[in-house]
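Geometric and topological summary
So the chains spell out like this:
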Amino acid sequence: MSRIKDAVLRYAPYWIQDAAIGWYNSRLYRQRHAGRYGEMRAYFSEWELSAAAELAAESSKRLEEFLAYVRERSPWYSKISAGGLSEFPLLEKVSLLQELPRISTITEQEGVVSLTGGTTGASMKVIYTHEDMQERFALLDHFRESHGYRLGEKVAWFSGKSLATQRDVDRGRCYRDDRRNSIRFFSTFLINRRNFDSYWDALQAFRPRFIVGFPSSVLDIAMVARERGLVADWKVEAMFPTAETVLPVHREVIGEVFGCRLVDQYASSEGAPFILECAKGRLHIHPLTGVFEVLDGNGDAAREGEMVVTSFTTHGTPLVRYRVGDRLRLAAHDDTCGCGWNFPLVDWIDGRTSDFVYSHETGRINLGNLSNCTKDVDGILSFQVVQDVEDEITVRVVGDRRFDTNQADRFLAALRQRTGQGMRIRFEQVDEIPREASGKFRFVKNSIASRVG
Ligand SMILES: [Zn+2]
């Protein structure tokens, strides 16, 4: 299938490519919206405004059913005969990598395979049942609708797809159109200053009401637009970011250029339960999608720490107390939100646990803290910090003409403040920072994270 797809994308005329993408998407769409989908859409909207105690009871009921299923069907868990969640061991990434057939309850042929690029570079794989896939899409669609999205409205999609060649981009074809479903898929591999006009013109012509995808890709376009004093002359309702940590800079610049709010959601592609942003801009755990535990360094329950997840939509490859590799802080007990949801509140999610710089003097400097270094600095379009040893970091910056030595000094001083005096900082101004093979952009590349974290 994928070889045929590649050939079509490379050699066929654009109208055939567009039709093929439309056909392929409609097929996926039918799979995801069949079976359990309708029932679960109703379920999530029915529970939307329920009281906290009722939600907690329903969540416990679903947990019990899920654990019973797992004990019965997964060979990996067959020894755990009774008891609740605390009887289950933590599930490590390496186990998921090496013991997939024993953990899973179905074969790859019986389900839907999902691949994710792990932080270690090894690709992770999980198998979803069709029912679970349908439930996940039911929740996502329900969530997006609560932020104004209706099926069939125009969407600009920016995910890790290499859909176009430089020659295509030069002809103004940096995208492929799924006309049946009103989606314009933009290639995220060729977004740079040289190709800016091609992307900007294609967006202007399409006038999407929603944007979905990597925030860093949309940021790259928005940065250049802002530098040139351009703003969208139509209204984008909302952007739904995927796959990457959303930083304040994303919200600010994308919001300024496209006039939209970023509405964040957390759910890893391994199948973690969901954390959703509400109408008031706060994050809530959705208790009917799974259980989030927060553990401190000793493995005890805490308000802030490592996130361990049990997901109700992982009957294929069960995730029970899975160490997904992210951190979060729960909101204070008496904290409330006026949005109407009675779902537990979260203060923040700290992306991937390895996305930090480590300093002898100041400890972990997380992504949000690093990105704040750019706050009072003009002209930074993008930056990346690389750390391979404890006492040195390399900082790469892509700047525009406002980024002079003065601004560079300000940026470095802000960094220095966070790393302490002992850190060697190697500064490089570059034209472009390459993305990962997956198409994602990494602000921090830290190869010593597992040793010092
Ligand atoms: Zn809220």
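About the thresholds
- Residue numbers restart at each chain and count upward from 1, following the sequence in its written direction.
- Side-chain atom pairs in this predicted model are given and counted only at pLDDT of 80 or more, local residue features only at pLDDT of at least 70, and totals for whole chains, interfaces and linings cover all residues.
- Side-chain measures here rest on the full set of heavy atoms in the structure, leaving out hydrogens and waters.
- Any nitrogen, oxygen or sulfur atom within 2.8 Å of a metal ion counts as a donor, with the limit raised to 3.2 Å for Na, K and Ca, and since water is left out, coordination shells can look unfinished.
- Irregular is the label for any site that misses the other tests, which are tetrahedral for four donors with all angles between 85 and 135 degrees, and square planar for four donors or octahedral for six when opposite donors exceed 155 degrees and the remaining angles lie between 65 and 115.
- Going along the chain from the N terminus, every DSSP run of H or I of four or more residues is numbered as a helix, and every run of E of two or more is numbered as a strand.
- Remark: exposure states derive from per-residue accessible area (1.4 Å probe, protein chains only) relative to the maximum for the residue type, with buried under 20%, exposed over 50%, and partly exposed in between.
- Between 30 and 60 degrees the pair is tilted, below 30 it is stacked and above 60 it is edge-to-face, where a pair is any two Phe, Tyr or Trp rings, Trp via its six-membered ring, whose centres lie within 6.5 Å.
- Charge-over-ring placement is defined geometrically: NZ (Lys) or CZ (Arg) within 6 Å of the ring centre, and within 35 degrees of the ring normal.
- The salt bridge criterion pairs a side-chain nitrogen of Lys or Arg with a carboxyl oxygen of Asp or Glu, the two atoms within 4 Å.
- An expected span of 1.5 Å times one less than the residue number is assigned to each helix.
- Only buried residues count toward a nonpolar core. Its members are Ala, Val, Leu, Ile, Met, Phe, Trp, Tyr and Cys residues joined through side-chain atoms within 4.5 Å.
- How far each domain reaches was decided by an automatic or database domain assignment.
- In this description, contact between two residues means that some pair of their heavy atoms is separated by no more than 4.5 Å.
- Here pLDDT means the predictor's own confidence in every residue, given as a number from 0 to 100.

As recorded in an unreviewed UniProt entry, the chain goes by Phenylacetate--CoA ligase family protein and comes from Luteimonas padinae.

Topic: the coordination of the zinc ion
Taken together, the protein ligands of the zinc ion are Cys 278 (SG), His 284 (NE2), Cys 337 (SG) and Cys 339 (SG), with distances of 2.1 to 2.3 Å. Because the angles between the four donor atoms bound to the zinc ion fall within 104 to 118°, the donor set is best described as tetrahedral. In the primary structure, the donors to the zinc ion are separated according to the pattern C-x5-H-x52-C-x1-C. Separated by 59 residues along the polypeptide, Cys 278 in the loop between strand E10 (275-277) and strand E11 (283-285) and Cys 337 in the loop between strand E14 (322-330) and strand E15 (345-352) bring together distant segments of the chain. Accessibility expressed as a relative area gives 1% for Cys 278, which makes it buried. Overall, Cys 337 belongs to the buried group, its relative accessible area being 18%.

Re the packing of aromatic side chains
Following the criterion strictly, the structure yields 18 aromatic pairs and no others. Consider the rings of Phe 210 and Phe 240, whose centres lie 6.0 Å apart with planes at 10°: the pair is stacked. Note that Phe 210 is positioned in strand E6 (residues 210-213) and Phe 240 in strand E7 (residues 238-241), a separation of 30 residues in sequence. Residue Phe 210 is classed as buried on the basis of its relative accessible area of 0%. Counting every residue linked through ring pairs, the aromatic cluster contains Phe 143, Tyr 149, Phe 210 and Phe 240. Above the plane of the ring of Phe 206 lies Lys 154, whose end atom (NZ or CZ) is 5.4 Å from the centre. Lying over the aromatic face of Tyr 175, Arg 184 brings its terminal NZ or CZ to 3.7 Å of the ring centre.

Overview of the pattern of salt bridges
Side-chain pairs of opposite charge can arise where the charged atoms are in close proximity. The tally for this structure, following the rule as stated, stands at 38 salt bridges. Salt-bridge contacts for Arg 41 lead to Glu 145; the nearest nitrogen and oxygen are separated by 3.1 Å. A residue pair is termed long-range when its members are at least 10 positions apart, and Arg 41 in helix H3 (residues 37-47) and Glu 145 in helix H7 (residues 130-146) qualify at 104 residues. The class of Arg 41 is buried, set by a relative accessible area of 19%. Owing to a relative accessible area of 28%, Glu 145 belongs among the partly exposed residues under this scheme. Notably, a salt bridge pairs Arg 102 with Glu 99, separated by 3.7 Å at the nearest N-O pair. With a relative accessible area of 39%, Arg 102 lands in the partly exposed category. Because the salt bridges share partners, they merge into one network encompassing Arg 282, Arg 303, Glu 304, Arg 329, Asp 335 and Asp 347.

So, H7
A rise of 1.5 Å per residue sets the reference length of H7, with its 17 residues, at 24 Å; its end C-alpha atoms lie 24 Å apart and thus fit the reference within 8%. In terms of residue burial, H7 counts as a mostly covered element, since 12 of its 17 residues are buried. Among all positions in H7, only Asp 132, Met 133, Gln 134, Glu 135, Arg 136, Ala 138, Leu 139, Leu 140, Asp 141, His 142, Phe 143 and Arg 144 are buried. One or two steps after H7, the chain reaches Gly 148, where phi turns positive at roughly 100°.

Examining the nonpolar core
If you look at the biggest cluster of nonpolar residues, it comprises 59 residues, and the most contacted ones within it are Phe 158, Phe 186, Ile 254, Phe 258 and Phe 411. Going through the elements one at a time, strand E3 (155-158), helix H9 (196-206), helix H10 (215-227), helix H11 (248-258), helix H12 (367-371), strand E18 (380-389), strand E19 (392-399) and helix H13 (405-419) are the ones with two or more residues in this core. The leading source of residues in this core is H10, at seven residues. Split by domain, the residues of this core number at least three in each of domain 1 (2-262) and domain 2 (356-452). What Phe 158 contacts, discounting residues up to four positions off in sequence, is Phe 186, Thr 188, Ile 191, Leu 203, Ile 211, Val 212, Gly 213, Phe 214, Ser 217, Val 218 and Ile 221. One finds Ile 80, Val 126, Met 133 and Phe 292 within the second-largest nonpolar core, a separate group that totals 33 residues.

A few points about the confidence of the model for the chain
For the chain, per-residue confidence averages 88 on the pLDDT scale, and 93% of positions sit at 70 or higher. Between residues 118-122, whose pLDDT stays under 50, and residues either more than four places distant or in other chains, the model counts seven contacts.

Considerations on the pairing of strand E12 (residues 290-295)
The buried count for E12 comes to six of six residues, which makes it a mostly enclosed element. Side chains of E12 alternate between two faces, with Gly 290, Phe 292 and Val 294 and Val 291, Glu 293 and Leu 295 buried alike.

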